[in-house]
Structures are given as C-alpha cells and as structure tokens.
Amino acid sequence: MWAYNSVFYQIYPIGFCGAPVHNDGECVPRIRKLLDWSDYLKDLGINSILLNPIFESDNHGYDTRDFRTIDVRLGTNEDFQEVCKDLHAHGIKVVLDGVFNHVGRGFWAFKDVQEKKWDSPYKDWFCIHFDGNSAYNDGFWYEGWEGHYELVKLNLQNPAVVDYLLDCVKFWVDTFDIDGLRLDVAYCLDRNFMRRLRSFTQELKPEFALIGEVLFGDYNQIVNDEMLHSCTNYECYKGLFSSFNSMNLFEIAHSLHRQFGSDQWCIYRGKHLMTFADNHDVTRLSSILTNKSHIPLAYGLLLGMPGIPCLYYGSEWGEPGEKAPDNDYALRPCFDEPKPNDLTEYIKKLIALRQNSKALCNGSYKNVVIQNHQLIFERASEQERVLVAVNASDAPYTAYHQDLNGAFIDLLSDKEVHMTGQLELPPYSIQYLQSR
C-alpha cells in the first residue's frame, strides 16, 4: 500500500482558500490556489495531499448539500479536475474527506423529506420519527451527529443510501482520479458499510487507501483486512506534545511500545496508523508546546516513529493557532503563499530521510533508553537499523546502554559516530543514527 511509505499534507480548503464561512452561492475558483502550491509541496517531499471537505455544503463542509459538486465557494468540478491532474503530475496523490455519517440540512434528499414528510421516498435515508419535532420545527424528529442537529445522520443500514454513497465514490474516482478517502468520524460508521466500501474501492482502484478518523478505543476493530487500511493515532498525538510539556518522555515511549513493540501483547504491530502533531480540529503544535525549543524535536519524533506522518498546512513553518471554545476558525487560516523558514527546511530533511529508509517507514520499534528528558528508540528492518535519539533538556546528556555500540552515521549531520556503550546527546537535539 503506497500510503504506508508516504508523508501526507493536510489542508482544510474552505479556510486555506479564504472562502466565506457561510455558503454565499457565489462561484469563485478558489481551489485553483492549490496550483500555486504544488511545486512547494513537491519540494517539501510530500507524497499525498489530504483535503478536508470540498463538496457543496451549508457552511463548514461537513454539512454536505451535494456529494457530486465542488462547493461553489471553491469553484467548479472542472477547476478541481485541473488541480488533481496537476498534483498527480507532481507525484502527489489526492485523498478526500469522505463525510458519510451525516449531511447538512441543505442536502437534497433531506429537503425532500422536509417538503413531503411521510410521502418522501427518502424518509428512510435518515433516522427520523414523525411523532416528534426538531429544534428547527420541521414537524418530525431526526437524529443529529452527537447532538448537532445541523448535521443530519444518514441511515447507513439502508441499502439505497449505501448504493448512493458508493456511486458518489465511483464518480470521484472517474472524475477526479482520487487515490483514497479519509473517513470522517469513522468511529460512528456502520461497520458493514466500511466492509462494503473496502471491497468496492479495491475493485475500482486496487491501491485505493481508506483512513479513518478515530479518537479512542481499539483501532484493530476497524483497521484490518476487511475495513480500513489506517486510522488517526490520537493516543500518540496526545503523547507527542504532552511528553514535552510535562518533560516526561516515558509517556510517548510507553504509547509507542504498547502499540508497536515486539512483545506479543503489543497491539498494533505491523499496522500503519496516521500520526500527526496537529490538524484542523486541535490547537497547533507551536501554540500547545510550552517550550518552543521542543517544536523541531517533536517533528523529529513524528518523522522517526512508526506510522504515516501527516503535516497540517502552515505548521511546517511554526504557524500558531489556538482552538476556541465555540469555533475552529483560528485553526483554518488562509495564507497568500507558503512561508518556509528554517523549521521548514529541517522538516524537509526529515521527510527525505524517512522516505529513503525502510526502517523508518516499515521497521520494528524498540525502546533503548528512556529518561524523563531523553528517549532513544530503535527502528529496524532486515536491511537497516536506525536509532532515533532525543534530548529535550537544555543540558547535554550522556546515555549508556549495551545497544549503543558500533559505527553509525548521523543522517541529519552526515557525521560518523562511533559508540562504545554510550552516546552524547547535545541540549535540545535529535539524532537519526544509521548503523554502518
């Protein structure tokens, strides 16, 4: 699966393109802005772009009106066709946000139910009771997503709904040649639907990737040979920033071993979960870390640990952004152009090292040295062994361990390192040490 060896770049298009927060009905080809970023993304080393909702919606994209039409605030289907062709020409695959759990109140089938009530042929497309009323005084009650009644829950146990959604996926593949889907709130989706989606997309495009949004629980339940290829690794997302903020690298080390270690009880060995430092739903890394010197270290960990790394647009140059209690606008800004800096160049180097390393992309995981402020772990494949060494302290540290022996090359500095049971870690440093 191509995704297992990729580095993703996530964009929230409505914000990124500077579109109005509420759908004003005016067609403006803002999505073509991505044409101006494709050279930058290729130079950064990105293999795949993950686009949050792009289809016609009421407001933020997750309240879909029409699954077959690009949101007018972003342009037309023809505009997006050109964008996809350009990204593919740059060697960048395209993964879209598949919002299949719910739709907006402006969705065409729901509007038919509002008009015809019992007589609508689409009344069973939703979880509706006609013996109640909604907060919008529709004359019937319906289930919304987690109490948000602007998001109308689809009935995925209705074969007609499933057939419609799969037909839309085929339309996206045929029209835009997309390479995969991120399944919004995958933890809510009917599992039979996910099985059907997997088999359907594999026939359409054998390497079609399915990545689920999952916050908690046992990821094995939906990441398996019958359902999804991957899902978001929120456990390691939390450990990534809080380990630095609490100066307790035992936390991330514990999570990584629990998930990917060699012991029989380790739960996700051989799987590739999507790892990230931030995204469109959470405070950005540069705003959540209390010590800004830890920002490059966090990315060093992200690109060195197991999983499919995903960068959120703008964070590669340290853009701040704090989640507000009632909205996410600050997390989803518009940039006129990329603003690369030293952090960007550093991340670019990390990406290149990862993409040229079988051990970092697919190797095993083993903790070697764990201290509150320091962590050394090993990634190993049959052909390669790489030690990732982090010192989060403002003081140098000497690590001692029997595995710290032999000749290595520090891939970040291109310097040779000879170890005899110990390793010198400079302050605020990260090293990728490849065994010679």
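All figures in this text were calculated on a predicted structure; none of them were measured in a lab.

Caption draft 1: Geometry of the sheet that holds strand 17 (residues 374-380). Taken in spatial order, the six strands of this open sheet run 16-17-18-21-19-20, and their pairing is antiparallel. Strands at the two margins of the open sheet, each flanked by one partner only, are strand 16 (364-370) and strand 20 (415-425). Put simply, the sheet's adjacent strands are angled 25 degrees from each other on average, direction ignored. Of the pairings in the sheet, the one linking strand 17 to strand 18 (residues 385-391) comprises seven bridges and is antiparallel in character. From the neighbouring strand, Phe 377 faces strand 18, where its bridge partner is Val 388. Where helix 8 (residues 250-260) meets the sheet, its contacts fall on strand 16 and strand 17, and the angle it forms with strand 16 comes to roughly 150 degrees.

Caption draft 2: Examining the packing of helix 10 (residues 295-304) against helix 11 (residues 342-355) more closely. Their axes nearest at 10 Å, the elements helix 10 and helix 11 cross at an angle of 15 degrees. It follows from the interaxial angle that helix 10 and helix 11 lie roughly parallel. For the element pair helix 10 and helix 11, the recorded crossing hand is right-handed. Between helix 10 and helix 11, the contacting residues are Ile 295, Pro 296, Tyr 299, Gly 300, Leu 302, Leu 303 and Gly 304 on the first element and Leu 343, Tyr 346, Ile 347, Leu 350, Ile 351 and Arg 354 on the second. Of the residues that constitute the contact of helix 10 with helix 11, the class distribution is ten nonpolar, two polar and one charged.

Caption draft 3: A look at the packing of helix 5 (residues 159-176) against helix 6 (residues 191-204). Remark: helix 5 packs on helix 6, axes separated minimally by 11 Å, with the N-to-C direction vectors making an angle of 30 degrees. As judged from the angle between their axes, helix 5 and helix 6 are roughly parallel. Helix 6 is crossed by helix 5, and the crossing has right-handed handedness. From helix 5, Val 162, Asp 163, Leu 165, Leu 166, Val 169, Lys 170 and Val 173 reach across to helix 6, where they touch Phe 193, Arg 196, Leu 197, Phe 200, Thr 201 and Leu 204. Each residue belonging to the contact of helix 5 with helix 6 can be placed in one class, and the counts come to nine nonpolar, one polar and three charged.

Caption draft 4: Looking closely at the pattern of salt bridges. Taken as a whole and assessed by the stated rule, the structure comprises 26 salt bridges. In this structure, Asp 79 and Arg 32 form a salt bridge, with 3.2 Å as the shortest nitrogen-oxygen distance. In this pair, Asp 79 sits in helix 3 (residues 77-89) while Arg 32 sits in the loop between helix 1 (13-16) and helix 2 (38-44), placing the two residues 47 residues apart along the sequence. With its nearest N and O atoms 3.3 Å apart, the salt bridge here joins Arg 182 to Glu 213. Here the residue Arg 182 occupies a position in strand 11 (residues 180-183), and Glu 213 occupies one in the loop between strand 12 (209-212) and strand 13 (230-231), the gap between them amounting to 31 residues. Comparing Arg 182 with Glu 213 shows no difference in burial state: the two are buried. Here the salt bridges do not stand alone but share partners, grouping Asp 97, Arg 182, Asp 184 and Glu 213 into one network.

Caption draft 5: Spatial organisation of helix 5. In this model helix 5 runs 25 Å from its N-terminal to its C-terminal C-alpha over 18 residues, within 8% of the 26 Å that 1.5 Å per residue would give. Looking at the packing, one finds that the buried side of helix 5 touches strand 3 (55-57), strand 4 (64-70), helix 3, helix 4 (108-116), strand 11 and helix 6. Between the side-chain oxygen at the start of helix 5 and the backbone nitrogen of Ala 160 there is a gap of 2.9 Å, and the oxygen is on Asn 158. Of the residues trailing helix 5, Asp 177 is marked for its positive phi of about 60 degrees.

Caption draft 6: Here's a closer look at helix 8. Turning to helix 8, its buried residues number three or more, namely Ile 252, Ala 253, Ser 255, Leu 256, His 257, Gln 259 and Phe 260. For helix 8, the elements touching its buried residues are helix 7 (234-245), helix 10, strand 16 and strand 17.

Caption draft 7: Molecular detail of the state of the cysteines. Here the structure, examined in full by the defined rule, presents zero disulfides. This cysteine, Cys 168, is not joined by any disulfide, and Cys 84 carries the nearest cysteine sulfur, 16 Å off. For Cys 361, which is in no disulfide, the shortest distance to another cysteine sulfur is to Cys 310 and amounts to 15 Å.

Procedures and definitions
- Residues numbered from 1 in each chain as written.
- Predicted model: local features only at pLDDT ≥ 70, side-chain atom pairs only at ≥ 80, totals over all residues.
- Heavy atoms only, no water.
- Pairing = 2+ DSSP bridges.
- Helix = DSSP H or I, 4+ residues; strand = E, 2+ residues; numbered from the N terminus.
- Axes fitted to C-alpha atoms, helices over the stretch in contact; angles between N-to-C directions.
- Contact = heavy atoms within 4.5 Å.
- Parallel < 35°, antiparallel > 145°, perpendicular 65-115°, else oblique.
- Left-handed = near helix turned anticlockwise from the far one by under 90°.
- Nonpolar A, V, L, I, M, F, W, Y, C, P; charged D, E, K, R; others polar.
- Salt bridge = Lys/Arg side-chain N within 4 Å of Asp/Glu carboxyl O.
- Buried < 20%, exposed > 50% of the residue type's maximum accessible area, 1.4 Å probe, protein only.
- Expected span 1.5 Å × (residues − 1).
- Polar contact = N/O pair within 3.5 Å; in protein donor to acceptor, adjacent residues only side chain to side chain.
- Disulfide = S-S within 2.5 Å.

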